[in-house]
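# Summary of structural features
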Amino acid sequence: MTDKNSLMRRLPAVDEMLRIITAQEWAKAPEVIIKLAIQKEIDRIRQHILSGDTYQFSQEDLIVRIKTEIEKQNKPHLQRVINGTGVVLHTNLGRAKLPAAVSRHLLAISSSYSNLEYNVESGERGSRYDHVEGLLTFLTGAESALVVNNNAAAVYLILDSIVKGKEVLVSRGELVEIGGSFRIPEIMKASGCQLVEVGTTNKTHPADYEERVNEQTGALLKVHTSNYKMIGFTEDVSLARLRAIADGHDLPVIYDMGCGLLMDLKTSGIGEEPTVRQCLEQKADLVCFSGDKLLGGPQAGIIVGKASYINRMKKNHLLRAFRIDKLTLAALELTLREYLTPETALAQIPTLQMITMPEECLKARGERFLHRLEQHADRNYELVQTQGQVGGGTMPGVCLPSYAIAAAIDGVSAVQLERQLRAYEPPIIGRIVKDRILLDVRTMEEDELEMAAAFFNNYHVKGDTQ
Ligand SMILES: *Cc1c(COP(=O)(O)O)cnc(C)c1O
């Protein structure tokens, strides 16, 4: 056995490798990245040697590894991926995909000055909130509107501005947790409100609210159970009923709607979610929702409702901490503008377009995908029917009948294949069902089907002689 010390002595020095690597014409990365890559790969070999491996390395191998590591480190960490999960609003994959027109506008706004807080007509200071308020009030019928960083911030800002120090009544059936530790009881505590639970887990009646209203009460809060569905022996109190109760005591009704639907999808046969306008018509004083769920825009928290309440929020010093960034505003404004032409909004907003895509279109897309895949004796590709989801903690009870390519390659486990798809450029995210990898076509565009097909067509099984 070669002894460890002599192997260690043969390890190249970082500076020596740096000279070799920087002389390569492919080595275009910043020196700091090159150095770190060299360090990392040399350390890796050192660990091998220390652990007693009879590890033989050649300089060529080392250079190849360093090159791979440099390539990995020298590209943006936040990168595009192909969503083959069929989940339209995948929180881990960035939720809503923005309309194409939005990205073009973003580019222009991001690399120039803008009238973010400047009134071009008067030459005076303006408000960043003015850019979308008119659009939001027009689209929802609200008196006033305000946008913040996300919906969690919106809920916090509402409670802090309007009900701080008072009691807020919430049904026990609506004490939800949204992913990422957003929990109604915690947010309530943090904003200095006293949560008063009413009703039971499965049933809450109007009388449950009536009994608990007193002079300490600051608001009635309804929370949309966006990420789960209660079925069976259940009952909740509608916004309209809450309104009637609140009116008797001069209290505001706040609705944390979550998903923020601006266009009726019931008419497309999808789900039973009311639109923001419908919630306001039921006389909620304030409705808040996310920008990157069913609205199909950027991450944002949108608050619409009574001007008297929204004005209080505009004066709250916390607004500065939650304020929306100019790129988000640019994206939100353009997404909202798509809704001004309802006839084309469904086609122009990727989230809505994917959710409402008819089954026959999905099937045709799946067939095109299948067609692109070259047949080999060791490959098995099949177009299968699947159940897709809207995702993002929205429409939990809704199944979207969809199509996927199920792929299997002889001698390669589904787990290996899934890992290799993730290592692809761009990474392709699928899921494993019964030892096959499934790529759902609902969330994949034509060019992405092409890239996925290229992955399979160029795939060589290790040890394969072809
Ligand atoms: C999603 C959701 C939130 C959190 O919204 P973010 O925009 O992710 O911060 C809060 N409440 C409800 C009911 C939700 O569905």
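What follows deals with the nonpolar core. Counting residues in hydrophobic clusters, the biggest one holds 92 residues, and the most contacted among them are Val287, Val304 and Met313. Broken down by element, the residue count for this core peaks at nine residues, all from helix α7 (residues 151–163). Aside from chain neighbours lying at most four places away, what touches Val304 is Leu136, Thr140, Ala142, Ser144, Ala145, Val276, Leu280, Asp285, Leu286, Val287, Phe289 and Ile310. In terms of nonpolar packing, the next biggest core, distinct from the first, is built from 26 residues, Tyr403, Val412, Leu421 and Ile428 among them.

Another aspect to go through is the pattern of salt bridges. A pair can form between side chains of opposite charge whenever their charged atoms are brought close. Following the criterion strictly, the structure yields 32 salt bridges and no others. The partner of Glu448 in a salt bridge is Arg80, and the shortest N-O contact between them spans 2.8 Å. Note that Glu448 is positioned in helix α19 (residues 446–457) and Arg80 in the loop between α4 (59–73) and β1 (82–83), a separation of 368 residues in sequence. Given a relative accessible area of 42%, Arg80 falls into the partly exposed group.

A few words on the state of the cysteines. Inspection of every chain in the model, using the stated rule, returns zero disulfides. Of all cysteine sulfurs, the one in Cys279 lies closest to Cys259, which takes part in no disulfide; the gap is 8.2 Å. Take Cys259: its relative accessible area is 0%, and that puts it in the buried class. Not engaged in a disulfide, the cysteine Cys288 finds its nearest cysteine sulfur in Cys279; these two sulfurs lie 11 Å apart.

Surveying the vicinity of the ligand reveals the residues Arg95, Asn150, Asn151, Ala152, Ile178, Phe182, His224, Ser226, Asp256, Gly258, Ser290 and Lys293. Asn151 is positioned such that a nitrogen or oxygen atom in its backbone is 3.0 Å from an oxygen atom of the ligand. Contact between the ligand and Ala152: an oxygen atom at 2.9 Å from a main-chain N or O atom of the residue. Within the shell around the ligand, the residues separate by chemical class into three nonpolar, six polar and three charged.

Let us now look at the domain arrangement of the chain. Domain boundaries assigned for the chain yield domain 1 (2–73), domain 2 (82–91 + 354–457) and domain 3 (100–348). Computed from C-alpha coordinates alone, the two centres of domain 1 and domain 3 are separated by 53 Å.

Now for α19. With twelve residues, α19 should reach 16 Å at 1.5 Å per residue; the first-to-last C-alpha distance of 16 Å fits that figure. Of the positions making up α19, those classed as buried are Glu448, Leu449, Ala452, Ala453, Phe455, Phe456 and Asn457.

Within the secondary structure, Glu16 is located in helix α2 (residues 14–22). Spatially, the C-alpha atoms of Glu16 and Asn119 are 59 Å apart, while their sequence positions differ by 103 residues.

Here we take up the sheet that holds strand β17 (residues 431–433). Pairing within the open sheet is mixed, and its five strands lie in the order β2-β14-β15-β18-β17. Strands at the two margins of the open sheet, each flanked by one partner only, are β2 (87–89) and β17. The mean angle between the axes of side-by-side strands here comes to 40°, regardless of whether they run parallel or antiparallel. Here strand β14 (residues 379–391) runs beside strand β15 (residues 400–409); their pairing, made up of ten bridges, is antiparallel. Opposite Arg379, over in β15, you have Ile409 as the bridge partner.

With respect to the helices, strands and loops of the structure, Ser171 is situated in strand β6 (residues 167–171). Of the residues examined, Ser171 reaches a relative accessible area of 3% and is grouped as buried. Only 3.0 Å separates the side chain of Ser171 from the backbone nitrogen of Gly173, close enough to count as a polar contact. In this view, Ser171 contacts Val198, Thr204 and Tyr209; residues no more than four positions away in its chain are not counted.

Take the sheet that holds strand β13 (residues 301–305) next. The strands that make up a sheet are held in pairs by hydrogen bonds between backbone atoms, and each pair lies either parallel or antiparallel. Read across the open sheet, the seven strands follow the order β5-β13-β12-β11-β10-β6-β9; overall the sheet is mixed. Of all strands in the sheet, those bounded by a partner on one side alone are β5 (144–148) and β9 (194–198). Pairwise comparison of adjacent strand axes, ignoring direction, gives a mean angle of 25° for this sheet. Alignment of strand β12 (residues 286–290) against β13, held across five bridges, turns out to be antiparallel. Paired with Leu286 across the bridge in β13 is Gly305.

Here is what the cut-offs are and how they apply
- Residues numbered from 1 in each chain as written.
- Predicted model: local features only at pLDDT ≥ 70, side-chain atom pairs only at ≥ 80, totals over all residues.
- Heavy atoms only, no water.
- Core = buried A, V, L, I, M, F, W, Y, C linked by side-chain atoms within 4.5 Å.
- Buried < 20%, exposed > 50% of the residue type's maximum accessible area, 1.4 Å probe, protein only.
- Helix = DSSP H or I, 4+ residues; strand = E, 2+ residues; numbered from the N terminus.
- Contact = heavy atoms within 4.5 Å.
- Salt bridge = Lys/Arg side-chain N within 4 Å of Asp/Glu carboxyl O.
- Disulfide = S-S within 2.5 Å.
- Near = heavy atom within 4 Å.
- Polar contact = N/O pair within 3.5 Å; in protein donor to acceptor, adjacent residues only side chain to side chain.
- Nonpolar A, V, L, I, M, F, W, Y, C, P; charged D, E, K, R; others polar.
- Domains from an automatic or database assignment.
- Expected span 1.5 Å × (residues − 1).
- Pairing = 2+ DSSP bridges.
- Axes fitted to C-alpha atoms, helices over the stretch in contact; angles between N-to-C directions.

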